[in-house]
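# Examination of the molecular architecture
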Amino acid sequence: MDTKAPRPRTRIQTEKRELILEAALEVFSAHGFRGSTIDQIAEAAGMSKPNLLYYFRRKEEIHETLMQRLLDTWLAPLKELDDIGDPLTELRSYIRRKLEMARDFPRESRLFANEILQGAPRIKPMLEGELKSLVDEKAEVIKGWMRAGKIVKTDPWHLIFSIWATTQHYADFDVQVRAVLGPNRGGDGRFEDAARFLEQLFVDGLKPKG
């Protein structure tokens, strides 16, 4: 049986899909998957529901596309952790990249957090597959640094989790952070302040003693 490769999308089709995905990101990050509807996404995209369904047949398909893109974006800084680099420099760079993402992609971070809070029913295969494999790989890199005496011995998996938790806080709890810091400290400079603090916290804590 002959199988034909799918036709490449036209420029208009690509632009329409991107418009839908941008609208869906806004809707999903505000209402979560369960609280969002195709009608809301169509309205946010400025198109009719039948027109939207021409590009994406189901809400699940839109969400899956967004989550795969998000995971690719989220994993990029961890993939760059280089085993031949200086460990403290590599980890300092990773912390800064994660904070930059918290600053630049707050909607994506909220979308991911919403999915996790619901038990990750739509992305568990991604978490157990691509994410786990990458974290395991980089945990081995960190363990290698520890064996070489370049950083103190600790649990590499929980180190990665702690970096995630402390950096993504500035996206997921941004309203709280700005409210507590107040108008004088809650501006854009809060990310640089956070970067300096987290670098001190992690880097100083990982430096070999003596």
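To be clear, the structure that these remarks concern was listed above.
This write-up is about the structure you can find in this document. Just so it is clear, the structure is predicted and the values come from calculations on it, not from any experiment.

### A look at the side chain of Arg107
- The residue Arg107 is located in helix α6 (residues 106–117) in this model.
- Within the structure, the side chain of Arg107 is placed 2.8 Å from the side chain of Glu26, a separation counted as a polar contact.
- Not counting chain neighbours up to four residues away, the residues in contact with Arg107 comprise Glu22, Leu25, Glu26 and Ser29.

### Things to note about the environment of Leu181
- Here Leu181 shows up in helix α9 (residues 174–185).
- Since its relative accessible area comes to 28%, Leu181 is described here as partly exposed.
- Leu181 has contacts with Gly186 and Arg190, leaving out every residue within four places of it along the chain.

### A short note on the pattern of salt bridges
- Scanning all chains against the criterion turns up 21 salt bridges.
- The closest approach of N and O atoms between Glu61 and Arg57, which form a salt bridge, is 3.8 Å.
- Given the relative accessible area of 69%, Arg57 is considered exposed.
- For Arg96, the salt bridge identified is with Glu199, shortest N-O distance 2.4 Å. In this pair, Arg96 sits in helix α5 (residues 87–104) while Glu199 sits in helix α10 (residues 189–206), placing the two residues 103 residues apart along the sequence.
- The exposure class of Glu199 is buried, given its relative accessible area of 12%.

Cut-offs and rules
- Residues numbered from 1 in each chain as written.
- Predicted model: local features only at pLDDT ≥ 70, side-chain atom pairs only at ≥ 80, totals over all residues.
- Heavy atoms only, no water.
- Helix = DSSP H or I, 4+ residues; strand = E, 2+ residues; numbered from the N terminus.
- Polar contact = N/O pair within 3.5 Å; in protein donor to acceptor, adjacent residues only side chain to side chain.
- Contact = heavy atoms within 4.5 Å.
- Buried < 20%, exposed > 50% of the residue type's maximum accessible area, 1.4 Å probe, protein only.
- Salt bridge = Lys/Arg side-chain N within 4 Å of Asp/Glu carboxyl O.

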